[in-house]
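# Summary of structural features
The residues making up each chain are set out below.
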Amino acid sequence: MALTVPFTGVLPPDPPPSTTTTTAPAPPPPAYPAAKPAPRPATTTLPKAPVKVAAPLAAPTSPPPPPAAGNGQVIAVSAADTGVNQLRAANGVAPLAWDLSMLGKAVSWAHHIADAGALSHSTLSSGMPAGWHTLGENVAVSSSLQGAFAALEASPPHRANILDARFTRFAVGVVLQNGRYWVTEEFLG
């Protein structure tokens, strides 16, 4: 049951955005009848500036809920709206392709963090298309959409995800809830 609190028109200050990346695990050995369970994929985290994260990365949260489960309004954005490819071009990095197969996860996670009222990271491989070698995720919240994108670009670890030449595709989910824009950027290479 959700508790509804009337919006007073006063927003707390925006917390800094959060970022994480992971690399694909080595292929598992062939399964035999007495095989041990496969090890969890290794997670590599970029150096972080102090950020507000609801759950530690070592204990990933459950898979994101379907988009319809969120209470906020989905804001449609295009690759051009995010400024990601403009920043990459300005830094001599190839543009990323907008990937609709990743959009559901990005929107679902934006709903999840908006409903939770706190930034956290998804289980990176959950909901991603097969065949990836490296994954990344940036999350942010701001009172303006451009403010969220600007905060990600200005933060060194988030900017590193945006400019990572290993990534070739991306999608961005945005949810507006209680006057705040909750943003999830998903990257795949």
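### Examining the overall build of the protein
Scanning the protein for helices and strands turns up five helices and seven strands. Along the chain direction, N to C, the helices and strands of the protein fall in the order β-β-β-α-α-β-α-β-α-α-β-β. Buried residues in the protein amount to 43% of all 189 residues. A separation of at least 24 residues holds for 74% of the contacts in the protein among residues at least 6 apart in sequence. When the accessible area of the protein is evaluated, it comes to approximately 9,600 Å², of which 65% is carbon and sulfur surface.

### Re the pattern of salt bridges
Under the defined criterion, the tally for this structure stands at two salt bridges. Among the ionic pairs, arginine 166 bridges to aspartate 164, the shortest N-O distance being 2.7 Å. Overall, the relative accessible area of 13% leaves aspartate 164 in the buried class.

### A few points about the packing of aromatic side chains
Inspection of the entire model under this criterion finds three aromatic pairs. With 5.4 Å between their ring centres and 25° between their planes, phenylalanine 167 and phenylalanine 187 make a pair best called stacked. Here the residue phenylalanine 167 occupies a position in the loop between α5 (156-163) and β6 (169-177), and phenylalanine 187 occupies one in strand β7 (residues 180-188), the gap between them amounting to 20 residues. Taken individually, phenylalanine 167 and phenylalanine 187 each receive the classification buried, so the pair is uniform in this respect. The interplanar angle of 10° and the centroid separation of 6.4 Å between the aromatic rings of phenylalanine 170 and phenylalanine 187 together place this pair among those described as stacked. With a gap of 17 residues between them, phenylalanine 170 in strand β6 and phenylalanine 187 in strand β7 connect regions that are remote in the sequence. Among the residues examined, phenylalanine 170 registers a relative accessible area of 0% and is labelled buried. Residue phenylalanine 187 is classed as buried on the basis of its relative accessible area, which comes to 0%. Ring pairing ties together the aromatic residues Trp98, Phe167, Phe170 and Phe187, which thus form one cluster.

### Remarks on helix α3 (residues 100-116)
Along its 17 residues, α3 runs 25 Å from first to last C-alpha, staying within 8% of the 24 Å computed at 1.5 Å per residue. Taken together, the buried positions of α3 are occupied by Met102, Lys105, Ala106, Val107, Ser108, Trp109, Ala110, His111, Ile113 and Ala114. Contacts from the buried residues of α3 go to β3 (73-74), β5 (134-142), β6 and β7.

### Quick look at the side chain of arginine 88
Along the polypeptide, arginine 88 turns up in helix α2 (residues 84-90). One buried charged residue, arginine 88, forms no salt bridge at all, with the nearest opposite charge on aspartate 164 at 6.5 Å.

### Notes on helix α4 (residues 145-154)
Inspection of α4 places Leu145, Ala148, Phe149 and Leu152 among the buried residues, and these make up the whole buried set. Angular distribution of buried residues about the axis of α4 spans 95°; they occupy a single face of the element. Next to the buried residues of α4 lie α1 (79-82), β5, α5, β6 and β7. With a side-chain oxygen positioned 2.8 Å from the backbone nitrogen of glycine 147, the residue opening α4 is serine 144.

### Re the environment of isoleucine 113
Looking at where isoleucine 113 falls in the secondary structure, it is placed in helix α3. Isoleucine 113 gets classed as buried once you look at its relative accessible area, which sits at 0%. For isoleucine 113, the contacting residues outside a window of four places in its chain are Ala118, Leu119, Ser120, Val139, Trp182, Val183 and Thr184.

### What to know about the side chain of histidine 121
By the element assignment, histidine 121 lies in the loop between α3 and β5. Reaching out from histidine 121, the side chain makes a polar contact with the side chain of glutamate 137 at a distance of 2.8 Å.

### Section: the nonpolar core
Membership of the largest hydrophobic core comes to 20 residues, with the highest contact counts inside it found for Leu145, Phe170, Val172, Val174 and Val183. Elements represented by at least two residues in this core include exactly α2, α4, α5, β6 and β7. Counting residues per element, this core draws most heavily on α4, which supplies four residues. If you look at the next biggest cluster of nonpolar residues, it comprises nine residues, including Trp109, Ile113, Val175 and Trp182.

What counts and how
Residues numbered from 1 in each chain as written. Predicted model: local features only at pLDDT ≥ 70, side-chain atom pairs only at ≥ 80, totals over all residues. Heavy atoms only, no water. Helix = DSSP H or I, 4+ residues; strand = E, 2+ residues; numbered from the N terminus. Buried < 20%, exposed > 50% of the residue type's maximum accessible area, 1.4 Å probe, protein only. Contact = heavy atoms within 4.5 Å. Areas by Shrake-Rupley, 256 points an atom, 1.4 Å probe, with all protein chains shown as cover. Salt bridge = Lys/Arg side-chain N within 4 Å of Asp/Glu carboxyl O. Phe/Tyr/Trp six-rings, centres within 6.5 Å; stacked < 30°, edge-to-face > 60°. Expected span 1.5 Å × (residues − 1). Lys, Arg positive; Asp, Glu negative; His and termini not counted. Arc of directions from axis to C-beta. Polar contact = N/O pair within 3.5 Å; in protein donor to acceptor, adjacent residues only side chain to side chain. Core = buried A, V, L, I, M, F, W, Y, C linked by side-chain atoms within 4.5 Å.

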